[in-house]
Amino acid sequence: MVTVSEAAPRVEALSSSGIKSIPKEYVRTKEELISITNIFEEEKKEEGPQVPTIDLKDINSDDEFVRNKCRQQLKEAAIEWGVMHLVNHGISDELIERVKIAGEAFFNQPIEEKEKYANKQESGMIQGYGSKLANNACGQLEWEDYFFHLIFPEEKREMSIWPKNPSDYTEVTAEYARLLRGLASDMLSTLSLGLGLEEGRLEKEVGGIEELALQMKINYYPKCPQPELALGVEAHTDVSALTFILHNMVPGLQLFYQGKWVTAKCVPNSIIMHVGDTVEILSNGKYKSILHRGLVNKEKVRISWAVFCEPPKEKIILKPIPEVVSEAEPAMFPPRTFAQHMQHKLFRKTQDELLSK
């Protein structure tokens, strides 16, 4: 495995330096380059499969028929896609706009200001401002900088790493975290019922209110002079239970669905929700953790706010819930802790890359 002792230059610095061609570490493999296209043209396409949009306004309706119809739509989207746009999700447009403004304001500061919050990945300090180190067998880098920190539960937050500027960053991010934690509970409840389990079962299996951690990663994708050669984020599935994503209405997210890359539309006032590996394992594969990636472009900066809802690393054994396993549908996943699952994915990815060289 390739390791890097010093951080690569910030991608923002590369982007603003006026380079016409990107450094070779950012150029993707031949296999990947075949499918990288113009993201703006892709987003305009109306034909072909589209990521489902789920309207949550009736999710807790007093009318049982109406409520069940909404829950069924969400269940079907989780089974078929593992990703969806959520609208009428209960978090105000005003708060979401303030979260976005605060995050953009942090990234609009000079790089030297942001460096005050730099993480130290090689020593295990992953919270803070960073750029990806080459942790794959090919030594490739992604066209993004980011800011990463735990935002819930409150008592586990490391406030010294939270940005001081803008001044309302902490207030709006903390409030968003609180409301998103409630939305996560609602979604886990609906997915539990969809498996024929009691409402609180999935929540309990991922650590409950005390242990489920919400980690926010603000992804900053600068303009790229050769977007046809790079990726903002390489193809992966999320290890989380659920992931919730906001973005600045610049397209970039693609999902690998039925053998093809499908571009997610920019749906106003929506939150994108991914089913992660954790829920896929617990459901014994009934809910999908979909492969996805991020494209970049040369015209507009793209920013996304991803919040990963993650179980505790060691306390819980992840395995299919017994009630969803049968003789006809045996367990598809071996028992592992969350930490072991992450390690297994990294090892398998490295092996695959070495074999393909």
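Just so it is clear, the structure is predicted and the values come from calculations on it, not from any experiment. The numbering scheme is per chain: residues are counted from 1 as the chain's sequence reads. Note on the predicted model: pLDDT of at least 70 is required for a residue's local features to be given, and 80 or more for side-chain atom pairs to be given and counted; whole-chain, interface and lining totals, by contrast, use all residues. Hydrogens are left out, water is left out, and the side-chain values use all remaining heavy atoms of the structure.

## Quick look at the pattern of salt bridges
Opposite charge on two side chains permits pairing when their charged atoms draw close.
Item 1. Put simply, a salt bridge is a Lys or Arg side-chain nitrogen that is within 4 Å of an Asp or Glu carboxyl oxygen. This model, assessed by the stated rule, comprises 23 salt bridges.
Item 2. We note a salt bridge from Arg 98 to Asp 168, for which the minimum N-O separation is 3.8 Å. Remark: Asp 168 occurs in the loop between strand E4 (145-152) and helix H7 (169-194) and Arg 98 occurs in helix H5 (residues 93-107); sequence separation between them is 70 residues.
Item 3. Across the pair Lys 345 and Asp 277 runs a salt bridge, and its minimum N-O distance is 2.7 Å. In this text, helices come from DSSP runs of H or I with a minimum length of four residues, and strands from runs of E with a minimum of two, each type numbered from the N-terminal end.

## Looking at the side chain of Lys 132
Item 1. Looking at the element boundaries, Lys 132 is found in the loop between strand E3 (128-131) and E4.
Item 2. Classification of residues uses two cut-offs on accessible area relative to the type maximum, computed with a 1.4 Å probe and protein chains only: under 20% is buried, over 50% is exposed, and between them is partly exposed. Lys 132 sits in the buried class, given a relative accessible area of 17%.
Item 3. Within the structure, Lys 132 has its side chain in polar contact with the side chain of Glu 142 (distance 3.5 Å).
Item 4. Only heavy atoms matter for contacts: two residues are in contact if any of them lie within 4.5 Å across the pair. Ignoring anything within four residues of it in the chain, the contact list for Lys 132 reads Leu 141, Glu 142, Glu 144, Tyr 146 and Glu 234. For the purposes of these results, a polar contact is taken to be a pair of N or O atoms within 3.5 Å, where, inside protein, one atom must be able to donate a hydrogen and its partner to accept one; residues adjacent in sequence count only when each atom of the pair is a side-chain atom.

## Concerning the side chain of Gln 140
Item 1. Mapped onto the elements of the fold, Gln 140 is located in the loop between E3 and E4.
Item 2. Judged by its relative accessible area of 9%, Gln 140 falls in the buried class.
Item 3. There is a polar contact of 3.1 Å between the side chain of Gln 140 and the backbone oxygen of Val 27.

## Let's talk about the layout of surface pockets
To find the voids left in a structure, one rolls a probe of water-molecule size over its atoms.
Item 1. Here the second largest pocket is characterised by a volume of approximately 360 Å³.
Item 2. Each cavity reported here is a set of points on a 1 Å grid over the protein atoms alone in which a 1.4 Å probe fits but cannot get out, each pocket an open set with protein on both sides within 12 Å along at least five of seven lines, and each lining residue one with an atom within 4 Å of a point. For the second largest pocket, the lining is made up of 18 residues, of which Glu 42, Lys 260, Trp 261, Val 262 and Thr 263 are closest to its centre.
Item 3. The set of elements that each furnish at least two residues to the lining of the second largest pocket consists of strand E8 (253-257) and strand E9 (260-263).
Item 4. The element that contributes the greatest number of residues to the lining of the second largest pocket is E9, accounting for four residues.
Item 5. Partitioning the lining of the second largest pocket into residue classes produces four nonpolar, eight polar and six charged. Grid points are joined across faces, edges and corners, and a volume is the space filled by probe spheres set on the points. The residue classification treats Ala, Val, Leu, Ile, Met, Phe, Trp, Tyr, Cys and Pro as nonpolar and Asp, Glu, Lys and Arg as charged. All others, Gly included, are polar.

## Side note on H7
Item 1. Here the expected length of a helix is defined as 1.5 Å per residue gap, with one fewer gap than residues. With 26 residues, H7 ought to run about 38 Å at 1.5 Å a step, and its terminal C-alpha atoms sit 37 Å apart, in line with that.
Item 2. Two residues or fewer after H7 comes Gly 196, characterised by a positive phi angle close to 80°.

## Some points on the environment of Ile 281
Item 1. With respect to the helices and strands, the residue Ile 281 is situated in helix H10 (residues 277-282).
Item 2. Separated by 40 residues in the primary sequence, Ile 281 and Ala 241 place their C-alpha atoms 9.3 Å from one another.
Item 3. With residues near it in sequence (within four places) discarded, Ile 281 still touches Leu 318, Lys 319, Pro 320, Phe 333 and His 341.

## So, the pairing of E9
Each regular strand carries side chains that alternate between the two faces of the sheet.
Item 1. Relative to E9, E8 runs antiparallel, the two sharing four bridges. For Tyr 257, the partnering residue across the bridge sits in E9 and is Lys 260. Each pair of strands is called paired provided DSSP finds at least two bridges between the two strands.

## Focus on the UniProt feature "domain: Fe2OG dioxygenase" (unreviewed entry) in the chain
Item 1. UniProt positions are given in the numbering used here, feature names are shortened, and annotations may be inferred rather than shown by experiment. This chain's UniProt record puts "domain: Fe2OG dioxygenase" (unreviewed entry) on residues 212-311.
Item 2. The distance from the first to the last C-alpha atom of residues 212-311 is 5 Å, and the span holds 6% helix and 45% strand.

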